[in-house]
Amino acid sequence: DAGVTQSPTHLIKTRGQQVTLRCSPKSGHDTVSWYQQALGQGPQFIFQYYEEEERQRGNFPDRFSGHQFPNYSSELNVNALLLGDSALYLCASSGPLGAISTDTQYFGPGTRLTVL
Amino acid sequence: AQSVTQLDSQVPVFEEAPVELRCNYSSSVSVYLFWYVQYPNQGLQLLLKYLSGSTLVKGINGFEAEFNKSQTSFHLRKPSVHISDTAEYFCAVSDRTPLVFGKGTRLSVIA
């Protein structure tokens, strides 16, 4: 049973560029959440997707957007990159919705984004 | 709003000694509580969780945690640590909203 997978593992971009990160959830999961983990900090919630819709959003600007596909995989897009966007981006999956297990999120290995 | 406080940013401990990593939370509603471990350059791995039922929760790798509602705490314990337990440990809370994490505790096991 494959766990949560993310691609790419590392990425280097320059200020002002755009980036797309990808995530495939654990088998049987239908909800995907994205978190940003700055160096030396705990993860911060960006947003959550279910049924191809954004369900909840954390305190992140509109430069951060996402998408969920019919197969439950998801993308995180960040436009107009800033130096402060450098972080580990974690994807977590949970579900199926309605089960108590929904509240348990399983994380992928993350994508390390460096903005120069 | 929910919040999590991990009282120690760093905990050094000798191999085979016991360890306790402290976590306190604030929430106005019933919560679910989690401990995750992060090894260097990796994602988060679920150690254990409290959703309901017994307040003593056992997890992987010999870790356990006790939910104390009156003290709003969820401390993580292990009776005997190994070198391989060296990692960053995160406490998190959820009330069916996305997880809110503490800032983490770095556990360093000394040979």
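Figured I'd write up the structure that's included with this text. What you are looking at is a predicted structure, and each value in this text was computed from that prediction instead of being measured.

1. Things to note about the environment of Gln71 of chain B
Residue and element names in this part refer to chain B. Among the structural elements, Gln71 can be located in the loop between strand E8 (64-68) and strand E9 (73-78). Using a relative accessible area of 52% as the deciding quantity, one classes Gln71 as exposed. The sequence separation of Gln71 and Ser26 amounts to 45 residues, and the corresponding C-alpha distance is 9.9 Å.

2. What about the nonpolar core?
Ranked by internal contacts, the top residues of the largest apolar core, which has 27 residues, are Leu33, Trp35, Leu47, Leu48, Phe74, Leu76 and Tyr89 of chain B. In terms of residues, this core owes the most to one element, strand E10 (residues 87-94) of chain B, which gives 4 residues. Judged by nonpolar contacts, the second largest core, of 20 residues, contains Val32, Phe47, Cys91 and Leu113 of chain A.

3. Observations concerning the interface of chain B and chain A
Between chain B and chain A, the contact holds 18 residues from the first and 19 residues from the second. Of the roughly 1600 Å² buried at the junction of chain B and chain A (both faces included), carbon and sulfur atoms supply 55%. When residues of chain B are sorted by the area they lose upon contact with chain A, Leu44, Arg96 and Pro98 of chain B head the list and together hold 29% of the total. Run the count over chain B and chain A and you get 5 residue pairs in polar contact (both at pLDDT 80 or more). Only strand E5 (32-38) and strand E6 (44-50) of chain B provide two or more residues apiece to the side of chain B that touches chain A. With 4 residues, the top contributor of residues to the side of chain B that touches chain A is E5 of chain B. For the side of chain B that touches chain A, the class distribution of residues is 10 nonpolar, 5 polar and 3 charged.

4. Regarding the sheet that holds strand E1 (residues 5-7) of chain A
Residue and element names in this part refer to chain A. One open sheet accounts for 4 strands, arranged E1-E3-E8-E7; its pairing is antiparallel. Across the chains shown, the open sheet's two edge strands, defined by having one partner strand only, are E1 and strand E7 (64-68). Neighbour to neighbour, the strand axes of the sheet diverge by 20° on average, direction disregarded. Alignment of strand E3 (residues 19-24) against strand E8 (residues 74-78), held across 5 bridges, turns out to be antiparallel. Residue Arg22 lies in a different strand from E8, and its bridge partner there is Glu75.

5. Examining the pattern of salt bridges
Residue and element names in this part refer to chain B. With the rule as written, the count across this model stands at 9 salt bridges over all chains. Here Arg77 makes a salt bridge to Glu20, at a shortest N to O gap of 2.8 Å. Taken together, the positions of Arg77 in strand E9 and Glu20 in strand E3 (residues 19-21) put the pair 57 residues apart, joining distant regions of the chain. Residue classification places Arg77 among the partly exposed positions, given a relative accessible area of 28%.

6. So, the packing of aromatic side chains
Across all of its chains, the model carries 13 aromatic pairs over all chains by this definition. When the centroid spacing of 4.3 Å and the interplanar angle of 25° are considered together, the rings of Tyr50 of chain B and Phe67 of chain B count as stacked. Taken as a pair, Tyr50 of chain B in strand E6 and Phe67 of chain B in strand E8 lie far apart in primary sequence, 17 residues in all. For Tyr50 of chain B, a relative accessible area of 9% puts it in the buried group. Through pairs of rings, three or more aromatic residues link up here, namely Tyr35, Phe45 and Phe107 of chain A together with Phe34, Tyr36, Phe90 and Phe101 of chain B. Seen from the ring of Tyr106 of chain A, Lys26 of chain A lies directly overhead, with NZ or CZ sitting 5.5 Å from the centre.

About the criteria used
- Residues numbered from 1 in each chain as written.
- Chains lettered and ligands numbered in written order.
- Predicted model: local features only at pLDDT ≥ 70, side-chain atom pairs only at ≥ 80, totals over all residues.
- Heavy atoms only, no water.
- Helix = DSSP H or I, 4+ residues; strand = E, 2+ residues; numbered from the N terminus.
- Buried < 20%, exposed > 50% of the residue type's maximum accessible area, 1.4 Å probe, protein only.
- Core = buried A, V, L, I, M, F, W, Y, C linked by side-chain atoms within 4.5 Å.
- Contact = heavy atoms within 4.5 Å.
- Buried area = accessible area lost by both parts, 1.4 Å probe.
- Polar contact = N/O pair within 3.5 Å; in protein donor to acceptor, adjacent residues only side chain to side chain.
- Nonpolar A, V, L, I, M, F, W, Y, C, P; charged D, E, K, R; others polar.
- Pairing = 2+ DSSP bridges.
- Axes fitted to C-alpha atoms, helices over the stretch in contact; angles between N-to-C directions.
- Salt bridge = Lys/Arg side-chain N within 4 Å of Asp/Glu carboxyl O.
- Phe/Tyr/Trp six-rings, centres within 6.5 Å; stacked < 30°, edge-to-face > 60°.
- Lys NZ or Arg CZ within 6 Å of the ring centre and 35° of its normal.

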